[in-house]
Amino acid sequence: MGLYSTCIFPFFLDLMLDNEAIRRERRETLAPLYGRVLEIGFGTGLNLPCYPRQVAELTVIDSERMLAGRVRKRIAAASMPVHQIKLDASGRLPFDDDSFDGVVTTFTLCSIENVSAALAEIRRVLKTEGRYVFLEHGRSRDLQVAKHQDSFNPIQKIIACGCNLNRPIDRLIENAELEITNLERYLMPGLPRVISEAYRGIAHK
């Protein structure tokens with residue numbers, strides 16, 4: 001999609017997700033992290049100011065370079081070294097097994113084409129004692145809402161650059177042989193129900 005996927009859509013997404021309510025969710029999601037961390041689906045770098053001080057080094061990957069000037073400023077202001085790589089997370093990641101103390105996805109699993117392969121790679125590069133933390137939107141437990149999500153999903157994938165409304169995030173993570181040890185389900189404020197169904201949690205090998 002070119003200009004739309006790298007500038008127009010990221011601009012509106014950045015605007016929608018850059019508010020204090022979601023920053024609080026990001027800070028709570030990222031709080032358990034420490035040491036060497038990998039973030040998949042970096043986007044425009046909205047997580048950067050929310051990382052705890054105990055994160056010593058951050059590697060970030062995304063298949064697109066979005067709002068490059070804004071991202072450079074956010075990286076320059078980060079409290080830790082940030083290594084940015086343009087890469088599709090659906091393929092094999094260029095890291096050794098057991099490389100990271102933590103892995104992060106925030107509003108990312110919805111749009112990775114081969115999400116099962118990406119989660120398998122998350123498990124591979126995560127240390128045995130490491131933590132995979134996630135903040136995602138996905139399929140509702142309410143059957144009527146889920147039905148609306150299924151109906152609207154084909155349109156959503158077009159206008160939101162591959163984003164899926166109806167992925168069962170917890171089941172996908174567990175199917176990748178990651179054990180969810182903490183999971184919260186809630187509605188993100190100020191958004192339509194079909195996109196506000198949030199999953200926040202921690203998983204381990």
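Notes on the structure follow. Within each chain, residues carry numbers counting from 1 in the order of the written sequence. In view of the model being predicted, local features appear only for residues whose pLDDT reaches at least 70, and side-chain atom pairs are presented and counted only at 80 or more, with totals across whole chains, interfaces and linings using the full set of residues. Heavy atoms throughout the structure, all of them, feed into the side-chain values; hydrogens and water do not.

What to know about the nonpolar core
For clarity, the threshold we go by: Here, the term nonpolar core denotes a set of buried Ala, Val, Leu, Ile, Met, Phe, Trp, Tyr and Cys residues that are joined through side-chain atoms within 4.5 Å. The classification of residues rests on relative accessible area computed with a 1.4 Å probe and restricted to protein chains. Under 20% of the type maximum is buried, over 50% is exposed, and intermediate values are partly exposed. Going along the chain from the N terminus, every DSSP run of H or I of four or more residues is numbered as a helix, and every run of E of two or more is numbered as a strand. Residue contacts follow a heavy-atom distance rule, with two residues in contact if any of their heavy atoms lie within 4.5 Å.
Counting residues in each nonpolar core, the largest one holds 26 residues, and the members touching the most others are Leu-38, Ile-40, Val-103, Leu-119, Tyr-132, Ile-173 and Leu-178. Counting residues per element, the ones that place at least two in this core are strand S1 (35-40), strand S4 (100-106), helix H4 (115-125), strand S5 (126-137), helix H6 (169-175) and strand S7 (197-204). Among the elements that line this core, the one with the most residues is H4, at five residues. Residue contacts for Leu-38: discarding those within four places in its chain leaves Thr-59, Ile-61, Leu-93, Phe-95, Phe-100, Gly-102, Val-103, Val-104 and Val-125. Core analysis: the next-biggest nonpolar cluster, separate from the first, contains 17 residues, Leu-30, Leu-33, Ala-78 and Val-82 among them.

Here's the deal with the side chain of Arg-185
Rules: Polar contact criterion, stated in full: a pair of N or O atoms within 3.5 Å, where within protein one must be able to donate a hydrogen and the other to accept it, and residues adjacent in sequence count only if both atoms are side-chain atoms.
Turning to its location among the elements, Arg-185 is positioned in strand S6 (residues 179-187). Residue class for Arg-185 comes out buried when judged on its relative accessible area of 17%. Here Arg-139 takes part through its backbone oxygen, which lies 3.0 Å from a polar atom of the side chain of Arg-185. Here Tyr-199 takes part through its side chain, which lies 3.4 Å from a polar atom of the side chain of Arg-185.

Notes on the layout of surface pockets
Note the threshold: Of the grid points, spaced at 1 Å and generated over the protein atoms alone, those admitting a 1.4 Å probe that cannot get out make up cavities, while open sets with protein on both sides within 12 Å along at least five of seven lines make up pockets; any residue with an atom within 4 Å of a point is treated as lining. Grid points are joined across faces, edges and corners, and a volume is the space filled by probe spheres set on the points. The nonpolar class holds Ala, Val, Leu, Ile, Met, Phe, Trp, Tyr, Cys and Pro. Asp, Glu, Lys and Arg form the charged class, and all remaining residues, Gly among them, are polar.
If you add up the space inside the largest pocket, you get close to 1,100 Å³. Every residue lining the largest pocket is counted, 49 residues in all, and those nearest its centre are Phe-9, Leu-13, Phe-107, Ser-111 and Ala-160. No other element matches the nine residues that helix H1 (residues 3-17) contributes to the lining of the largest pocket. Looking at the lining of the largest pocket residue by residue, the classes come out as 25 nonpolar, 15 polar and nine charged.

Worth remembering: the numbers are spatial, not functional.
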